[in-house]
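Spelled out, the chains give:
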Amino acid sequence: MRDYPQDKLLELYRTMYTIRRFEETVSEMAAGGLIPGFMIHLYVGQEAVATGVCAALRQDDFIVSTHRGHGHLIAKGGRIDLMMAELMGKEAGYCRGRGGSMHITSFELGSLGANGIVGAGLAIAPGAALSAKLRGTDQVTACFFGDGASNQGTFHEGLNLAATWCLPVVFVCENNGYGFSTPRSCHQSVSSIAERASAYDIPGETIDGDDVLAVLEATERSVERARKGDGPSLVEATTHRWHGHFEDDDDDYRSEEEKEACTESCPICRFEEACVERGNDASALERVREEVEAEVEKARAFAEECPEPKPEDDASMIFAGGDA
Amino acid sequence: MAPTATDTEFMTYFQAVRLALKEELERDPTVFLMGEDIRFSIFGPTKDLHLEVEPERVLDTPITESAFVGAAVGAALTGMRPVVEIMFADFITVCMDQIINQAAKSRFMTGGQVKVPLVIRAPGGFMSSSAAQHSQSLEALFMHVPGLKICLPATPADAKGLLKSAIRDDDPVLVFEHKALYFSSDEVPLDPEFTVPLGKAAVRREGDDVTVFAVSGMVSSAVSAGDALARDGIEAEVIDARSLIPLDKDTLLSSVRKTGRLVTVEEGCLTGGVGAEIVALVTSEAWDSLKCPPVRVAAKDQPIPFSPVLEAACAPSSRSIQDAVRSCLDG
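Just so you know, these numbers come straight off a predicted model, no measurement behind them.

(A) Seen up close, the domain arrangement of chain B. Residues and elements named next belong to chain B. Per the domain assignment, the segments of chain B are domain 1 (11-189) and domain 2 (202-330). Relative to domain 2, the C-alpha centre of domain 1 lies at a distance of 26 Å. Contacts between the two partners involve 26 residues from domain 1, matched on the other side by 28 residues from domain 2. In total, domain 1 and domain 2 occlude about 2,100 Å² of area from one another, counting both sides; carbon and sulfur atoms represent 63% of this. A per-residue breakdown of the area domain 1 buries against domain 2 is headed by Phe126, Ser129 and Met143, which together make up 33% of the total. Across the contact surface, domain 1 and domain 2 share two salt bridges. Put simply, Arg242 and Asp158 hold a salt bridge, and the shortest N to O gap is 2.7 Å.

(B) Representation of the sheet that holds strand β11 (residues 236-240) of chain B. All names here are of chain B. Strand order across the open sheet formed by five strands is β9-β11-β10-β13-β14, with mixed pairing between neighbours. Since the sheet does not close on itself, it has two edges, and those belong to β9 (202-205) and β14 (295-299), each with one partner. On average, each strand axis in the sheet is tilted by 25 degrees relative to the strand beside it, whichever way the strands run. With four bridges joining them, strand β10 (residues 210-214) and strand β13 (residues 262-269) adopt parallel strand pairing. Note that in β13 the partner of Ala214 across the bridge is Val265.

(C) Representation of the pattern of salt bridges within the structure. In total, this model carries 47 salt bridges over all chains according to the counting rule given. In this structure, Glu47 of chain A and Arg20 of chain A form a salt bridge, with 2.5 Å as the shortest nitrogen-oxygen distance. Pair noted here: Glu47 of chain A is in helix α2 (residues 47-55) and Arg20 of chain A is in helix α1 (residues 6-31), with a separation of 27 residues, a long-range link. By the burial criterion, Glu47 of chain A is buried, and Arg20 of chain A matches it. Across the pair Glu85 of chain B and Arg121 of chain B runs a salt bridge whose closest N-O atoms are separated by 3.0 Å. With a gap of 36 residues between them, Glu85 of chain B in strand β4 (residues 81-85) and Arg121 of chain B in strand β5 (residues 119-124) connect regions that are remote in the sequence. Summarising the burial analysis for this pair, Glu85 of chain B and Arg121 of chain B share the class buried. Here the salt bridges do not stand alone but share partners, grouping Glu23, Glu24, Arg27, Lys160, Lys164, Arg168 and Glu193 of chain B into one network.

Procedures and definitions
Residues numbered from 1 in each chain as written. Chains lettered and ligands numbered in written order. Predicted model: local features only at pLDDT ≥ 70, side-chain atom pairs only at ≥ 80, totals over all residues. Heavy atoms only, no water. Domains from an automatic or database assignment. Contact = heavy atoms within 4.5 Å. Buried area = accessible area lost by both parts, 1.4 Å probe. Salt bridge = Lys/Arg side-chain N within 4 Å of Asp/Glu carboxyl O. Pairing = 2+ DSSP bridges. Helix = DSSP H or I, 4+ residues; strand = E, 2+ residues; numbered from the N terminus. Axes fitted to C-alpha atoms, helices over the stretch in contact; angles between N-to-C directions. Buried < 20%, exposed > 50% of the residue type's maximum accessible area, 1.4 Å probe, protein only.

Structure (structure tokens):
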């Protein structure tokens, strides 16, 4: 068992707990009609994946996110007040209210975009990695996608391109067992998605995606490989989606027992136990929780109060060179 | 000796494309090329170009349009200026998501956080029995997608100048070259700073009787139609669109205000084509100037056939342009 400094463990805990409480707050707000739209895909249950992956990255590394992207951005350093403002469609949001939940991103933090098209990022990530190579930097790109996206052509094309050109990409499959309502047994024939790495002659491993340290350590191995020029790899993190595909999803395609079982593998509870086992004081965790609660409340208040965007400002965002 | 601002050289359209690419590769280290078999280069513009610049900046890709156009988006978002080639414009359908949902929207949906300086070169148009999947002119599809710029060089000088502007532009630009024009020749400015701005049409032939708004390969057909009509005393003003987005409305509308008649000519098919948009624009903004209903000349609304006889019947021509102009004047 690797030793971690206590503050490192608390930092991971803080990130996971922030994601959890942010998402639960968004869920409440959505139910109360405070978030526009119905396509709000929450990350509850999957917190360990984004947290572990981003903890293995440098600040100048890139991530490519998905429609279920709030957790990725928080883990990459996103400010939850600006994120909450974006979810509410406000001008102060990261995307000035033009993107919303599915496109929430901060380029400054190296997030190349959440994406409303399943699998699209699998083609974009190799380009960011190629760019790093051509610019002579050692930046790595981590590409998040789900089990559903692993059936898109872009999965195969992206892995092939990255493998053929030996690009510094870490492909992170968040296997939560469902593509929307379709269980994995009905959408793919392979027992493990990581096996597909062999088709491109790159390493692939399946890990417990609800164990943040397992995610961190697997990602570190892949990042090191990528950074020293040995090319891409595929990490399949098995995890659980606690909410429906999106917030308005009835989620009646899963039995109550099955949904209940998801929560048994709670990545946060498991990590709390691990922290205590590793000598952390339970009161330190309690302090983190209190601080996070306050921060989430502040973010919500900020978002509710800040102004709406103006339609006349849209034109300046279509083209970099102004309105054509 | 370095070329002066006025030096020109007689060269083919594909050589002009090559010159633009080479100059921009030399000028800007963030420019690089990707595409299928571009080092071999079926039409010539990029043949062996990797021997003249750093080879890693002229990349042969697998046959994987989604991946390399997606990768171009990723590279453009992170500081590079990729120029990708779609070997035949028809193949662009394979990577529509990367163009329409990613390249075109990345800037807007992030609230203007990023630029996407990406160029997609794609040769389209009719050429010697290339049949239904290698002959299309698909530019009208992309006019419907805010966030993309579209240009179509019709001369060797524009092949150089428009492409250079596209590469220097901070937005995604589709450059539809024309297969049949690759081997046409004319004088091309050698000045490495020679560019043709996006959004500026060219009047290729002046006339007072009718405005012929032509796109890409149809510009030369429109000019030859104009010359033939002149023998009967009909003076056509031929406008080379050059760019569709941004569109040079001023040149178009001032010409129609002068002539009072409009014929549009394109190689794409009629329904929902470029001409439909141009006619809509002119009728709403210059209605009072029109002496007769505008006429659209386009390819037939059908897949493009293989047989040379059928292909010719499907495509617009100098003859069909002349007929359209006469129908305007007779009407």
